[in-house]
Amino acid sequence: MMSKKNQKANQKDSNKIAENNYDPSYYNEDGQFEQGLAETHEQVSDDYHEGTIDRKLGKED
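What counts as what
Residues numbered from 1 in each chain as written. Predicted model: local features only at pLDDT ≥ 70, side-chain atom pairs only at ≥ 80, totals over all residues. Heavy atoms only, no water. Helix = DSSP H or I, 4+ residues; strand = E, 2+ residues; numbered from the N terminus. Buried < 20%, exposed > 50% of the residue type's maximum accessible area, 1.4 Å probe, protein only. Phe/Tyr/Trp six-rings, centres within 6.5 Å; stacked < 30°, edge-to-face > 60°. Patch = residues over 30% accessible without salt bridge, like charges linked within 9 Å, V, L, I, M, F, W, Y side chains within 5 Å. Areas by Shrake-Rupley, 256 points an atom, 1.4 Å probe, with all protein chains shown as cover. Salt bridge = Lys/Arg side-chain N within 4 Å of Asp/Glu carboxyl O. Lys, Arg positive; Asp, Glu negative; His and termini not counted. Charge placed at Lys NZ, Arg CZ, Asp CG, Glu CD. Expected span 1.5 Å × (residues − 1). Polar contact = N/O pair within 3.5 Å; in protein donor to acceptor, adjacent residues only side chain to side chain.

> Can you walk me through the overall build of the chain in this structure?
Within the chain, the regular secondary structure consists of two helices and zero strands. Counting all 61 residues of the chain, 3% fall into the buried class.

> So what exactly am I meant to see when it comes to the packing of aromatic side chains here?
To describe a pair of aromatic rings, you give the distance between the ring centres and the angle between the ring planes. For the structure on display, the rule yields one aromatic pair. A centroid spacing of 6.3 Å and a plane angle of 70° characterise the contact between Tyr26 and Phe33, whose relative ring orientation is edge-to-face. Looking at Phe33, the relative accessible area reads 30%, which means it is partly exposed.

> What should I look at first to understand the environment of Glu39 in this one?
Checked against the element boundaries, Glu39 lands in helix 2 (residues 32-50). Considered as a pair, Glu39 and Tyr27 are 12 residues apart in the sequence and their alpha carbons are 8.1 Å apart.

> Whenever I open this one, a negative patch on the surface confuses me. Can you help?
A contiguous patch of negative charge, built from Glu39, Glu42, Asp46 and Asp47, is present on the exposed surface. Here Asp46 lies in helix 2.

> Teacher, can you tell me more about helix 2 here?
Along an α-helix, a turn takes 3.6 residues, which lines up residues three or four apart on a common side. Spanning 19 residues, helix 2 covers 27 Å between terminal C-alpha atoms, matching the ideal 27 Å at 1.5 Å per step. Gly51 sits one or two residues past helix 2 and shows a positive phi near 95°.

> Would you take a moment to explain the environment of Ser25 for this structure?
As for its placement among the helices and strands, Ser25 is situated in the loop between helix 1 (4-18) and helix 2. Sequence separation between Ser25 and Gln35 is 10 residues; the distance between their C-alpha atoms is 9.8 Å. Within polar-contact distance, the side chain of Ser25 engages the side chain of Asp23 at 2.7 Å.

Here you go:
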């Protein structure tokens, strides 16, 4: 079981990470966090633009 001291440290680290937002400059960064966030952003963007599983995009006209 994790000690209370470790839990508080992990919570602080989690809060620090959670406060960050994606920035397009992350594609050019070397840090693991920045690269991970850029990759996740790309994956979500690709899925969003792909549409639904049946390839329907948004409202039908």
